[in-house]
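Working through the structure, step by step
One-letter residues, chain by chain:
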Amino acid sequence: MNFEFQNPTKIIFGAGTLARLGEVVSEYGKKAMIVTGGGSVKRTGAFDKAVESLKDAGVSYVECTDVEPNPRITSVARGAKIAKDEGCDVIIALGGGSTMDAAKVMGAAALYDGNPWDMILHGQEEVYIPTETLPVITVPTLAATGSEANCGAVITNDETKIKSFIQIPLLFPKVAVVDPELTVSVPQDHTAYGVCDIITHVMEGYFNGVDGTPIQDRFAEGVIINAIEYGRKAVANGEDIEARAHVQWASIVALNGWVQAGVHMLAPMHMIEHALSAHHDLTHGAGLAIVGPAWMRFAAKYRPERFAQFAQRIFGLSAEGKDALTLGMEGIDAYESFLREIECPTTLSEVNINGEFFEQYAKDAALVVRDEDGKLLGRPPMSTEDIVEVLKSAL
């Protein structure tokens, strides 16, 4: 097992920590651009509390509002222009994963004169790798993507219907101010979708990583078990701040690189979902709840012992009298039952997607992360026909 691990993002975690935002931001600049989504942070009062903290610390601000779910490259360009025109020296992402992803790319795009889409991997011959960025401070209002403490960002080009990513160390936020109280207002459905996103982040490495990583296996299993336990509680009672806090921490740990260290993770479930949501603007976690079990049933046939381990360790299922594949399939059924319990969709028909363009979705899924034969990387690698098969099984 060979790897390098470093995560430079400082995490300030706990109820009430939003009050420290101004103190944190003032270490990096005196004029901030606050990036927000559709307006929920203003309705809940989180925006006003953030601004109050900034004012107390002598930090002025401008706004970049209306970042979409599945953020568009046009919004990234818009935000970069605001930051540049207004002379901002620090960016604050106040919102969910889409807001944080967009803000991270805005930070680099504000110091680049070209098209920010040049930075996003989409099969182009020459990729622009940024070498400088404005410092970014993240303030998550949703437990899901873990974007507050990692160096990745997923962006959609609405014109070409391609959804892809950038992942470079430069994009690590300087500080994540993580206040679980900000997630109390998240509705049940998006709380549930976030829980699915957290679990899928961990499962990607668990099922698609290299062999011989027993410590990482246990880390991954621990995150999944706790996400299920406290996810249930958070969905059932959004005011349960303890449950909210544990789900928020699971979100960070699931994708800050620690669980994946040495695993060499591939992410076929995410690549397939990205293709779907690029065309249908599907909520990411909801798409993963559909794609995940369908992909798992396909992959279990190639690696049944791994899925049997998942069934035993996550759901406590007995192996007595069963072969590995049978047990593995029972574990997948148990996972899908949990998703239904917290009211996630588990079929494409529930979100009004039919099979008309499956071939195109399959091609888009394998556009970037593919082998020399054009197959989507994972265990196993997937041909276009394999991806279509998985999508059909999810109808």
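Read on for an overview of the structure. Owing to the predicted nature of the structure, the values given are computational and were not obtained by experimental measurement. (Residues numbered from 1 in each chain as written. Predicted model: local features only at pLDDT ≥ 70, side-chain atom pairs only at ≥ 80, totals over all residues. Heavy atoms only, no water.)

1. Concerning the packing of aromatic side chains
Selection rule: Stacked, edge-to-face and tilted labels apply to pairs of Phe, Tyr and Trp rings (six-membered ring for Trp) whose centres lie within 6.5 Å, assigned for plane angles under 30 degrees, over 60, and everything in between, in that order. Comment: elements are numbered from the N terminus, with helices defined as DSSP H or I runs of at least four residues and strands as E runs of at least two. Only protein chains enter the accessibility calculation, which uses a 1.4 Å probe. A residue is then buried if its area is under 20% of the maximum for its type, exposed if over 50%, and partly exposed in between. Working rule: Lys NZ or Arg CZ, within 6 Å of ring centre, within 35 degrees of ring normal, means a charge sits over the ring.
Considering all chains together, one arrives at 14 aromatic pairs under this definition. Here the aromatic rings of Phe5 and Trp258 are separated by 5.3 Å at their centres, their planes lie at 65°, and the arrangement is edge-to-face. Of this pair, Phe5 sits in the segment before strand S1 (10-13) while Trp258 is found in the loop between helix H8 (241-255) and helix H9 (268-280), placing the two residues 253 residues apart along the sequence. Judged by its relative accessible area of 35%, Phe5 falls in the partly exposed class. For Trp258, a relative accessible area of 40% corresponds to the partly exposed category. Consider the rings of Trp295 and Phe307, whose centres lie 6.3 Å apart with planes at 50°: the pair is tilted. Remark: Phe307 occurs in helix H11 (residues 304-315) and Trp295 occurs in helix H10 (residues 284-300); sequence separation between them is 12 residues. Across the pair, Phe307 and Trp295 agree in class, each one buried. What links up through ring pairs into an aromatic cluster is the set Tyr206, Phe207, Trp295, Phe307, Phe310 and Phe315. Taking NZ or CZ as reference, Lys42 lies 4.7 Å from the ring centre of Phe47, over its face. It is Arg306 that lies over the ring of Tyr206; its NZ or CZ is 4.3 Å from the centre.

2. Re the nonpolar core
Heads up, the rule is: What we call a nonpolar core is a set of buried Ala, Val, Leu, Ile, Met, Phe, Trp, Tyr and Cys residues that are connected through their side-chain atoms within 4.5 Å. Whether two residues are in contact is decided by their heavy atoms: any pair within 4.5 Å suffices.
Judged by nonpolar contacts, the single largest core of 67 residues is most densely connected at Ile199, Met203, Ile272, Trp295, Met296, Phe310 and Tyr335. Per element, the largest residue contribution to this core is 11 residues, and it comes from H10. Filtering out sequence-adjacent residues up to four positions away, Met296 remains in contact with Met203, Phe207, Phe307, Phe310, Ile332 and Tyr335. Listed in part, the 34 residues of the second largest apolar core include Cys64, Ala108, Tyr112 and Val136.

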